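Examining the three-dimensional arrangement
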Amino acid sequence: GYFNQYLKIPENFIREYGKESSLGMLLASLSIFFTFIIAVSAFIIVIIKSAKNKFNWKFGIISSGCVAVLIIVSFFNNMPLLWSDYPSTMSKSIFLTMSLISAIIGAFIYGVVIMLTGVAGESICQTDTRFPLLSALKRKDFSSPVIISSIFRGYCLAFIFLGYITIFYLVGNKFFNIWIPVGARYSNILTTIFPFLFPLTIAVTAAISEEFVFRLFTISFLEKLLKNYFLAIFISAAVWAFGHSNYAV
């Protein structure tokens, strides 16, 4: 089944909150537009270079395949929640078939974008020494000092960012009137067949798709285009950040 908790909120508050969050919604829409441009750019590069370059298709296919399979598995895992949206005016078989087709189309589109940006990005920066993990993936060897150092720095940055987020909310709430709407402390994740699959799917899909689209491809592509590494990182980071600007903060 399905359970939902909510608070009756005054209409004036909803209107004011809508005004306050409208800019964030606009930025999120712009991010979707620019992400589409990025995906089209990757497709064009693959078409142009396919006759000249030997792409590492295996790298892109395995990565996109993992995400696509996880999305389909997640669909079946969420079956108990699916029936909560079942309209009684439709037969169960038709409803289930339509839902499954939607999931397959979504997984396919997601997979294609990841594959295109993966192979295009890898082809652009395959000779770039600033991407040691790509070389390690090809060699299947992660034991070199450079790789170990990169992974260690990555985890250090993760903890630094956790500290930054904590300070941001503590200071922001106290001095800059930053606030988050209160939500009910309940999650339908526990209603799924295997609850651990939900966070795993979100984590893996977000990690692979965002790293491929906004880092591996966009940064290397924009650097070649603009001849400026700082601008490439800045634009990529801005598009990625705008995609999260509709969060209720």
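Placed above this text is the structure.
The structure displayed is predicted, hence computed values, not measured ones. (Residues numbered from 1 in each chain as written. Predicted model: local features only at pLDDT ≥ 70, side-chain atom pairs only at ≥ 80, totals over all residues. Heavy atoms only, no water.)

**Looking at the overall build of the protein**
The helix and strand tally for the protein stands at 8 helices and 0 strands. The secondary structure elements of the protein, listed N-terminal to C-terminal, are α-α-α-α-α-α-α-α. Here the C-alpha coordinates of the protein stretch approximately 60 × 55 × 35 Å along the principal axes. Scored against the burial criterion, the 249 residues of the protein give a buried share of 28%. Within the protein, contacts between residues at least 6 apart in sequence are counted, and of these 75% link residues at least 24 apart. Counting every atom, the protein has about 17,000 Å² of accessible surface; 72% of that belongs to carbon and sulfur. Computing the positive centroid from 18 side-chain charges and the negative centroid from 10, the protein places the two 7 Å apart. (Helix = DSSP H or I, 4+ residues; strand = E, 2+ residues; numbered from the N terminus. Buried < 20%, exposed > 50% of the residue type's maximum accessible area, 1.4 Å probe, protein only. Contact = heavy atoms within 4.5 Å. Areas by Shrake-Rupley, 256 points an atom, 1.4 Å probe, with all protein chains shown as cover. Lys, Arg positive; Asp, Glu negative; His and termini not counted. Charge placed at Lys NZ, Arg CZ, Asp CG, Glu CD.)

**Re helix H6 (residues 145–175)**
Between its first and last C-alpha atoms H6 spans 44 Å; for 31 residues at 1.5 Å apiece the expected length is 45 Å, and the two agree. Remark: Asn177 follows H6 within two positions and exhibits a positive phi of approximately 60°. (Expected span 1.5 Å × (residues − 1).)

**Digging into the nonpolar core**
Counting residues in each nonpolar core, the largest one holds 17 residues, and the members touching the most others are Ile38, Ile45, Val46, Ala120, Phe217 and Phe221. Taken together, the elements giving at least two residues each to this core come down to helix H1 (11–49), helix H4 (92–124), helix H7 (197–226) and helix H8 (229–242). Once residues lying within four places of it in the same chain are set aside, the contact partners of Val46 are Phe55, Trp57, Leu116, Val119 and Ala120. Val67, Ile114, Ile208 and Phe212 belong to the second-largest nonpolar core, a separate cluster that totals 10 residues. (Core = buried A, V, L, I, M, F, W, Y, C linked by side-chain atoms within 4.5 Å.)

**Structural notes on unusual backbone geometry**
Phi at Asn177 is positive, roughly 60°, even though this residue is not glycine. Position of Asn177 among the secondary structure elements: in the loop between H6 and H7. With a relative accessible area of 65%, Asn177 lands in the exposed category. Of note in the backbone geometry, Lys227 takes a positive phi value of approximately 60° without being a glycine.

**Side note on the pattern of salt bridges**
A side chain of one charge can pair with a side chain of the opposite charge when the charged atoms of the two come close. In the structure shown here, the tally under the stated rule is 3 salt bridges. For the salt bridge of Arg15 with Glu11, the shortest nitrogen-to-oxygen distance reads 3.1 Å. A residue pair is termed a helical-turn pair when its members lie 3 or 4 positions apart in one helix, as Arg15 and Glu11 do in helix H1 at 4 residues. One salt bridge connects Glu16 with Lys19, and the closest N-O pair in it is separated by 3.9 Å. You can see Glu16 and its partner Lys19 sitting in helix H1, 3 residues apart, about one turn around the helix. What makes Glu16 partly exposed here is its relative accessible area of 47%. By relative accessible area, Lys19 is classed as exposed at 60%. (Salt bridge = Lys/Arg side-chain N within 4 Å of Asp/Glu carboxyl O.)

**Notes on the environment of Ala207**
The residue Ala207 is located in helix H7 in this model. Spatially, the C-alpha atom of Ala207 lies 10.0 Å from that of Val67, the residues being 140 residues apart in sequence.

**Examining the packing of aromatic side chains**
In this structure the tally under the stated criterion is 14 aromatic pairs. An angle of 5° between the planes, with centres 6.2 Å apart, marks the rings of Phe13 and Tyr17 as stacked. Note that Phe13 and Tyr17 are positioned in helix H1 at a spacing of 4 residues, about one turn of the helix. Take Phe13: its relative accessible area is 40%, and that puts it in the partly exposed class. For Tyr17, a relative accessible area of 24% gives the class partly exposed. By the ring-pair criterion, three or more aromatic residues cluster together here, those being Phe13, Tyr17 and Trp179. (Phe/Tyr/Trp six-rings, centres within 6.5 Å; stacked < 30°, edge-to-face > 60°.)

**Focus on the environment of His244**
With respect to the secondary-structure elements, His244 resides in the segment after H8. Overall, the relative accessible area of 25% leaves His244 in the partly exposed class. There is a polar contact of 2.8 Å between the side chain of His244 and the backbone oxygen of Trp240. (Polar contact = N/O pair within 3.5 Å; in protein donor to acceptor, adjacent residues only side chain to side chain.)

Taken by themselves, the reported measurements are silent on function.
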